[in-house]
Every structure is written in structure tokens, then in C-alpha cells.
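# Coordinate analysis (summary)
Each chain is listed here by its residues.
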Amino acid sequence: CGVVAAFTALNVFNVSQVAALQNVLTGAKLLVLLAFLILGFAVGDGNWDHFSQVAPRDASVSLSSQFAISLVFIYLGYSGWNAAVYVAEEIKDPERTLPRALLFGTLLVAVFFIALSCLYIYANPLEKMAGKLAVGATASAALFGPGAAGFFAAAMAASLLATVNAMCLIGPRVYYAMARNRAFLAVAGKTHPKWKSPWVAVLAQGACCCLLILTGTFEALLYYIGFTLNLFSALSVLALLKFRKRPDWKPIGWVSFAYPLIPLLYIGVNLLIFTYFVSNKPMEAMWALLTILAGAVAYHFHIKTRPA
């Protein structure tokens, strides 16, 4: 909560330095991951035989259910690849630079994700990682011993600061844009006269984030947020089918590639995840759906009907 509060304050009072700080934090994060990967494979005490070892399953749910629910964590790990879209208004030549940023960012995350997954298995057999939340720390201990493991665990935890700052920067601008388009509470559309930041949206997001941290377990929060995130990403892609029918729609090669196969495939995978998630994690799904329902009610009875 202290970290969230610090970055929230920074995004209210010092907007001009936030982007520069984000570049530094992201660069530090990439350097930590690169060092972990290079040293892990070069001098770490791992074993390639781990990739061929059998890991017996003792889960009560089916393999298909377990795989589908696990995709919630994968989606959450990749979330943020589309965050550049939220600041499209502030990007120079967005038709050219935005697709490149999305493609490069997604490929970069994919390479790191696959490389780290391989390093984790190189460090420990699969069955030793079962039930472990801090897999990076577990791998560090196996590769470098307990002393170095503490350093890498701390460095990887510190690298998450880039994500916290990015969400404090980008999230409130979504609420700001929604408020200006009469799709959210009007107060979120206010900017501070001196600091030029969407200060109400920034503070509200910080407060909501701290509330979630204090009221839920780590795993429950991941499921709750992951389910909500999956649902809205599927709805965003589904909206593409409607937007393309508008007379002012401007075709772009990146968006039109293999249309409508790719959007329908994405929506289909999400529907599969929803089905398994609701049947296996009903409480988390219920709270996520209640949150969305509350937003729909507020929009229908208060936001949609407010005077222009």
C-alpha cells in the first residue's frame, strides 16, 4: 500500500517526470530479468533432465479445467501489452507507431515469458514448484543458493515497481477519457489546474487498489482481477465487430489481418476460460460479476441519464 501511495502521489504532483521514471524502471526491470536468465543458464546449478521428468498429478479437477483456469494467470501476466492504446491521444503518428509498439511489446513479453518458464524448469522439477507462488525465489535458491536467492528475489520484486507506476499512469487516463465521453462518473474527468493531472481519477484508483490489497488474499485477488480482465478484454474484441460496421470506420492493415478469424478465436478461448472458471471458482466469479453489475447499474441510472 505504501508503494501504491507513493506512485499515486507522484502521478498527481509531478506528471512531467512520470514518463521518464517509467523508462528508467522498465529498463531496470529488463536488466534484472536478463541478468537472471543469463547467469541462471550460464552458472546456475540446474539440470536439463528436469524437462523429461514425469510430474504426477494429484489435482481433483480435470486437466482441461486446470489448464483453462491457469490461462487466467497467463492472461494476467501478459496484461499491459495493450496499455499503449490508453494514451493513443498523446502519441505522435499513432497509426504507425501504435501497432509497432503493440507488436514489439507483445513479442518481447512472450520471449521473456518462455525463457523464464524454461529457466524455472531448469532450476527445479515441476513437482517441486507445485503450490509455490514465488516461483522466481524458489528457482533462485536452487540455481545460486540461499544467499544469492535473496538478492534476486528482492531485485525481481523491485522490478515490479515498473508495473505499479505504469498502472498509476495509464489507468486514470482511461477513467478520464470515459468521463469526458459520458461513460463514467463526471468527477473523474477533472484535471488539476496547477499539476494538469486527472487527480481525482488517480487518487480514486490508488484508494481502490489499497482496499483490494487489504481485503483479499493474493490468490483470490489474482482470480478476481484475472476473471474481470479476461471478460473485458473479450468484450473489447467483440466491440470490434460492431465498430467495423460504422460508416466512418477507417480500415487499417494491422486490424484487418485475418478478419474475423483472429477476433472470433480470441473470443472463443475466453468463453472456454469463463465456462471452466465459473464452475471451479464460483466465489471469485460471483464477486467479479457483482462488481461489473454494480458498474452497469450506476451507468444506467446515474451516468447515462445525467444532463450534458
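Everything that follows concerns the structure shown earlier in this document.
Residues numbered from 1 in each chain as written. Predicted model: local features only at pLDDT ≥ 70, side-chain atom pairs only at ≥ 80, totals over all residues. Heavy atoms only, no water.

This paragraph deals with helix α7 (residues 161-180). For α7, which comprises 20 residues, the first-to-last C-alpha distance of 29 Å matches the rise-based estimate of 28 Å (1.5 Å per residue) to within 8%. Here α7 has its buried residues at Ala 162, Asn 165, Ala 166, Cys 168, Leu 169, Ile 170, Gly 171, Pro 172, Arg 173 and Ala 179. Buried residues in α7 make contact with α1 (2-13), α2 (15-43), α6 (135-159) and α8 (199-215). Where α7 ends, the next residue or the one after it, Arg 182, has phi of about 60 degrees, a positive value. (Helix = DSSP H or I, 4+ residues; strand = E, 2+ residues; numbered from the N terminus. Expected span 1.5 Å × (residues − 1). Buried < 20%, exposed > 50% of the residue type's maximum accessible area, 1.4 Å probe, protein only. Contact = heavy atoms within 4.5 Å.)

Once that is clear, we can look at the environment of Ile 225. Of note, Ile 225 is situated in helix α9 (residues 218-243). Considered as a pair, Ile 225 and Leu 212 are 13 residues apart in the sequence and their alpha carbons are 9.9 Å apart.

Look at helix α11 (residues 261-280) against helix α12 (residues 282-303): their axes get within 5 Å of each other, and the N-to-C directions meet at 115 degrees. Relative to α12, the element α11 lies roughly perpendicular. Contacts between α11 and α12 involve Phe 277, Val 278, Ser 279 and Asn 280 from the first element and Pro 282, Glu 284 and Ala 285 from the second. Of the residues that constitute the contact of α11 with α12, the class distribution is 4 nonpolar, 2 polar and 1 charged. (Axes fitted to C-alpha atoms, helices over the stretch in contact; angles between N-to-C directions. Parallel < 35°, antiparallel > 145°, perpendicular 65-115°, else oblique. Nonpolar A, V, L, I, M, F, W, Y, C, P; charged D, E, K, R; others polar.)

This next bit is on the layout of surface pockets. Looking at the second largest pocket, its volume works out to about 230 Å³. In this structure, the second largest pocket is lined by Leu 212, Thr 215, Gly 216, Ala 220, Leu 221, Tyr 224, Met 283, Glu 284 and Trp 287. When contributions to the lining of the second largest pocket are tallied by element, the ones reaching two or more residues are α8, α9 and α12. Counted by class, the lining of the second largest pocket contains 6 nonpolar, 2 polar and 1 charged residues. (1 Å grid on protein atoms, 1.4 Å probe; cavity = no way out; pocket = protein on both sides within 12 Å on 5 of 7 lines; lining within 4 Å. Points joined across faces, edges and corners; volume = space filled by probe spheres on them.)

In a disulfide, the sulfur atoms of two cysteines are held together by a covalent bond. By the definition in use, this model includes 0 disulfides. Cys 208 forms no disulfide, and the closest cysteine sulfur to it belongs to Cys 209, at a distance of 8.8 Å. (Disulfide = S-S within 2.5 Å.)

In a soluble, globular protein the nonpolar side chains are often hidden away together inside. Phe 36, Leu 116, Leu 119, Tyr 120, Leu 143 and Met 156 are the most contacted members of the largest nonpolar core, which has 17 residues in total. In terms of nonpolar packing, the next biggest core, distinct from the first, is built from 14 residues, Leu 71, Tyr 223, Ile 273 and Phe 274 among them. (Core = buried A, V, L, I, M, F, W, Y, C linked by side-chain atoms within 4.5 Å.)

Right, let's talk about the environment of Ser 62 for a bit. Along the polypeptide, Ser 62 turns up in the loop between α2 and α3 (63-78). Given the relative accessible area of 37%, Ser 62 is considered partly exposed. Side chain to side chain, Ser 62 and Ser 64 meet in a polar contact 3.2 Å long. (Polar contact = N/O pair within 3.5 Å; in protein donor to acceptor, adjacent residues only side chain to side chain.)

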